[in-house]
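Chain by chain, the residues:
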There are 2 protein chains.
Amino acid sequence: MSAGARPTLRDVATQAGVSPAIASRVLNADPTVRVREETRERIQGVAKDMGYVPHSVARSLRGARTGAIGLVMHGLDSPINVDVLAGAQAACARAGYVTLLADAEQLAGDHSQLSAFLARGRLDGVILHSGYGEEDRLLEAITSSVPAVLVNSEDGRPVPTVRVDDAAAARLATEHLIELGHREIAYIAGPEGSQTSDRREAGYRDTLARHDLGGAVDVVHAGWSAGAGTTAVHELLRRPTLPTGLVVANAVAASGVLSAFRDAGLAVPGQVSVITIHDSWFLQHLSVALTAVRLPLQVLGATAADLLIDTIEGRSPVRDVAITEPAPELVLRRSTGPTSRR
Amino acid sequence: MSAGARPTLRDVATQAGVSPAIASRVLNADPTVRVREETRERIQGVAKDMGYVPHSVARSLRGARTGAIGLVMHGLDSPINVDVLAGAQAACARAGYVTLLADAEQLAGDHSQLSAFLARGRLDGVILHSGYGEEDRLLEAITSSVPAVLVNSEDGRPVPTVRVDDAAAARLATEHLIELGHREIAYIAGPEGSQTSDRREAGYRDTLARHDLGGAVDVVHAGWSAGAGTTAVHELLRRPTLPTGLVVANAVAASGVLSAFRDAGLAVPGQVSVITIHDSWFLQHLSVALTAVRLPLQVLGATAADLLIDTIEGRSPVRDVAITEPAPELVLRRSTGPTSRR
DNA sequence: TTGTATGCGTTATCAT
DNA sequence: ATGATAACGCATACAA
């Protein structure tokens, strides 16, 4: 055994004066094997002394499992998405899996990256949280090679799906504005085609309808970025009259909304109230501390991981999960207030 | 070949009527092998038709390489650290490596996670960007198993180190305030023991000294979080007199600083100017758009990756890298202005 | 120009 | 209670 080289199972077995087979079973605590207590201790002692570490690759080759889960994520420039990643990563780690991280856009755009990632034997499964643009392209390649779980996508897919209760969150946000007396409430949407944004829009429309405000539906398509929020406000400002309340689909976009109002000299919440979906540390530090509906994003990631792991380990036939616990929660700050107009 | 099972190299070889050895060498474009053009095409055709994907695990077991790099990161709740992660991830992917992500704190606190991550044969190397608390504990475990590169740590370590030019950034920030006429400038530091914060402090001290303001050195220890920034301001407010300018070690902490001033009713930059180190998308949306010194964080991550890959692939004896290109850059926004006092 | 044989480190099966 | 052996899929040294 040369200096840097780690000992193999055979090294341990030889040193302990037993066969590799016995050493393997003892070190893996195989319950079906009966060895003398003394032998067991000797093997374990030698393994510890020699600093034996199992060779994960040999193990995966022998068995079918790799103990690795792929996380294909998009938009890591947004803390919202990072929360999902963190939740998924932590849940995988707790369950004994390591996680491979890839960027959805890069993977979709570079075939060699995709095949390196999906190389046979590398992964036990994949969690896919991608922008709607990459999703279809990636999904087929992934599912043809390993089990997958989709985050925040439409259900009715060929793979299990996990999402938060977007509609409920939007309802809560819209209700809040209505309770404050607002009647002209616009929804600043995400990019066109985003299912997440569509579900929130549905909640917004629901709520207006239930309050006989169905005629006031007012949707402005923007995007997930701060710049998109700013652009949406500029669009609003070109109109003769402004809504009194805004439900913004996403906290990052809402940052841009607030800055645009500040730059335009409009008071929030004096002239316009703003509420957003998703909470994050930065909201209270924006130009006006931003009222939001908190959604359990880490739980979302963790649930996706748990569902995938159940699938991998042969449990649970659950297909689609909508997370209702913890429920969406209103986090009151300073960006919403009673309407001054009627 | 059953339904779900992917074909092996042997399946391809058999189907093409050649031996596995030839198939292997053709598919890997081994330059030392000379085969008939017709044979080559037949093998490649069959591989494509059957959807052959090399088995990464078998490959790693045979060779010594795994094509995987571990990213051990801390503080993914801060966009600053996520930038470093994104840079490293992208650079690894470009070079054909997949990346395993782990959280430094979790790894340091859970021995079974650590050994799963460092299992023999899993990784070709590790990039470690950890809080100063976990670093020492993790470093030994990691380096005893694979090559590593340290991000933003002190040089003179047993492993190669990469960092940005913290001192230069702090000098630039401090100079800026001095040029605006400030003479009482405090440094809001990171947590005690942080080398990154210490390097920035040195730059701050340098600059004061060079302007004969060495007597005005004023360091308040805080931390990297927004809450720490807020606390530091509360501490300042208990003093009889406030500095006119603040250099804050980190943009997230600076968010808390700005909010604390807003809540206390102090005007920024009217009564106190604030500049921070690190730029990020949210700075322009804070209660006052925050002036900052931009440091190339993605480049930092990418450089760490490149250095590690050089090491893995047997090139380059470079030990410690201080990134000077692109140089720290002043990003002027609204949180700094001429001092009103003298 | 192509084929055969071996071993990477494990674990499971079957024997003793 | 323990050991011998085979096999996972691939890449290489060597043979033909």
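Here is a short report on the structure shown in this document. Computed from a prediction, not measured in an experiment: that's the story for all the values here.

## So, the pairing of strand β6 (residues 185-189) of chain A
Residues and elements named next belong to chain A.
Piece 1. Of all five residues making up β6, five are buried, and the element is well covered by its neighbours.
Piece 2. What you see with β6 is no split at all: I185, Y187 and A189 on one side and A186 and I188 on the other are buried throughout.
Piece 3. Of the strand pairs in this sheet, β6 and strand β8 (residues 245-248) are connected by four bridges, and their pairing is parallel. Paired with I188 across the two strands is V248, which belongs to β8.
Piece 4. As paired elements, β6 and strand β7 (residues 219-221) share three bridges and run parallel to each other. Along β7, the bridge assignment pairs Y187 with V219.
Piece 5. The parallel pair β6 and β7, bridged by helix α10 (residues 195-210), forms a crossover whose chirality is right-handed.

## A short note on the protein's contact with DNA strand C
Piece 1. Residues in contact with DNA strand C amount to 26 residues; listed here are only the nearest, L9(A), R62(A), S19(B), R62(B) and R120(B).
Piece 2. Backbone atoms, meaning sugar and phosphate, make up 64% of the atoms of DNA strand C lying within 4 Å of the protein.
Piece 3. At a separation of 3.2 Å, a base oxygen of DNA strand C approaches a polar side-chain atom of R25(B).
Piece 4. Listed by contribution, the elements that provide at least two residues to the surface near DNA strand C are α2 (20-27) and α4 (56-62) of chain A together with α2 (20-27) and α4 (56-62) of chain B.
Piece 5. In terms of residue class, the surface near DNA strand C is built from twelve nonpolar, seven polar and seven charged.

## Regarding the interface of chain B and chain A
Piece 1. Contact residues are listed per partner, giving 54 residues for chain B and 55 residues for chain A.
Piece 2. Interface area for chain B against chain A, summed over the two sides, is near 4,200 Å², with a carbon-plus-sulfur share of 59%.
Piece 3. Together, R120(B), W281(B) and H285(B) form the three largest contributors to the area buried by chain B at its contact with chain A, with a combined 20%.
Piece 4. Along the contact surface separating chain B from chain A lie zero salt bridges.
Piece 5. At the junction of chain B and chain A, the tally comes to 27 residue pairs in polar contact (both at pLDDT 80 or more).
Piece 6. Secondary structure elements with two or more residues in the side of chain B that touches chain A: α4, α5 (79-94), β2 (98-103), α7 (111-117) and α12 (251-264) of chain B.
Piece 7. Per-element tally for the side of chain B that touches chain A: the top contributor is α5(B), with seven residues.
Piece 8. Here the residues of the side of chain B that touches chain A sort into 28 nonpolar, 19 polar and seven charged.

## Looking at the packing of aromatic side chains
Piece 1. Taken as a whole and assessed by the stated rule, the structure comprises six aromatic pairs over all chains.
Piece 2. For the pair W281(A) and F282(B), a centre-to-centre distance of 5.0 Å together with 85° between the ring planes defines the contact as edge-to-face. Taken together, the residues W281(A) in the loop between β9 (273-277) and β10 (291-294) and F282(B) in the loop between β9 (273-277) and β10 (291-294) connect one chain to another.
Piece 3. Residue W281(A) is classed as partly exposed on the basis of its relative accessible area of 21%.
Piece 4. A residue is classified by how much of its surface remains accessible, and F282(B), at 0% relative accessible area, is buried.
Piece 5. By the ring-pair criterion, three or more aromatic residues cluster together here, those being W281(A), F282(A), W281(B) and F282(B).

## A closer look at the sheet that holds β2(B)
Piece 1. Strand order in the open sheet made by the twelve strands is β11(A)-β5(A)-β4(A)-β3(A)-β1(A)-β2(A)-β2(B)-β1(B)-β3(B)-β4(B)-β5(B)-β11(B), with mixed pairing throughout. Edge positions in the sheet fall to β11 (320-323) of chain A together with β11 (320-323) of chain B, since each has one partner strand and no second. Between one strand and the next, the sheet's axes are offset by a mean angle of 20°, whatever the strand orientation.
Piece 2. Alignment of strand β1 (residues 68-73) of chain A against strand β3 (residues 125-129) of chain A, held across five bridges, turns out to be parallel. Bridged to L71(A) within β3(A) is I127(A).
Piece 3. Along the sheet, helix α8 (residues 132-143) of chain B makes contact with β1 (68-73), β3 (125-129) and β4 (148-151) of chain B, crossing β3(B) at roughly 175°.

Conventions used here
- Throughout this document, residue positions are counted from 1 along each chain, in the order its sequence is written.
- Chains and ligands are labelled by the order in which they are written, letters from A for the one and numbers from 1 for the other.
- Note on the predicted model: pLDDT of at least 70 is required for a residue's local features to be given, and 80 or more for side-chain atom pairs to be given and counted; whole-chain, interface and lining totals, by contrast, use all residues.
- Side-chain metrics rest on all non-hydrogen atoms present in the structure, leaving aside hydrogens and water.
- Each residue is assigned to one of three classes by its accessible area relative to the maximum for its type, calculated with a 1.4 Å probe on protein chains only: buried under 20%, partly exposed between the two thresholds, exposed over 50%.
- Labels follow the DSSP assignment, with helices taken as runs of H or I lasting at least four residues and strands as runs of E lasting at least two, numbered in each case from the N terminus.
- Between any two strands, at least two bridges found by DSSP are needed for them to pair.
- With the strands aimed away from the viewer, a crossover counts as right-handed if its path from the first strand over the helix to the second runs clockwise.
- Think of it this way: one heavy atom of a residue within 4 Å of a molecule or strand is enough to make that residue near it.
- Here a polar contact means two N or O atoms within 3.5 Å. Within protein one must be a hydrogen donor candidate and the other an acceptor candidate, and residues neighboring in sequence count only if both atoms are side-chain atoms.
- When residues are grouped by polarity, Ala, Val, Leu, Ile, Met, Phe, Trp, Tyr, Cys and Pro land in nonpolar, Asp, Glu, Lys and Arg in charged, and all others, Gly among them, in polar.
- A contact between two residues is defined here by any heavy atoms of the two lying within 4.5 Å.
- Reported buried area values correspond to the accessible surface (1.4 Å probe) lost by two parts on association, with both partners' losses combined.
- Any Lys or Arg side-chain nitrogen found within 4 Å of a carboxyl oxygen on Asp or Glu counts as a salt bridge.
- Between 30 and 60 degrees the pair is tilted, below 30 it is stacked and above 60 it is edge-to-face, where a pair is any two Phe, Tyr or Trp rings, Trp via its six-membered ring, whose centres lie within 6.5 Å.
- An axis is simply a line fitted to the C-alpha atoms; with a helix, the fit covers only the stretch in contact. Between two such axes, the angle follows the N-to-C directions and lies from 0 to 180 degrees.

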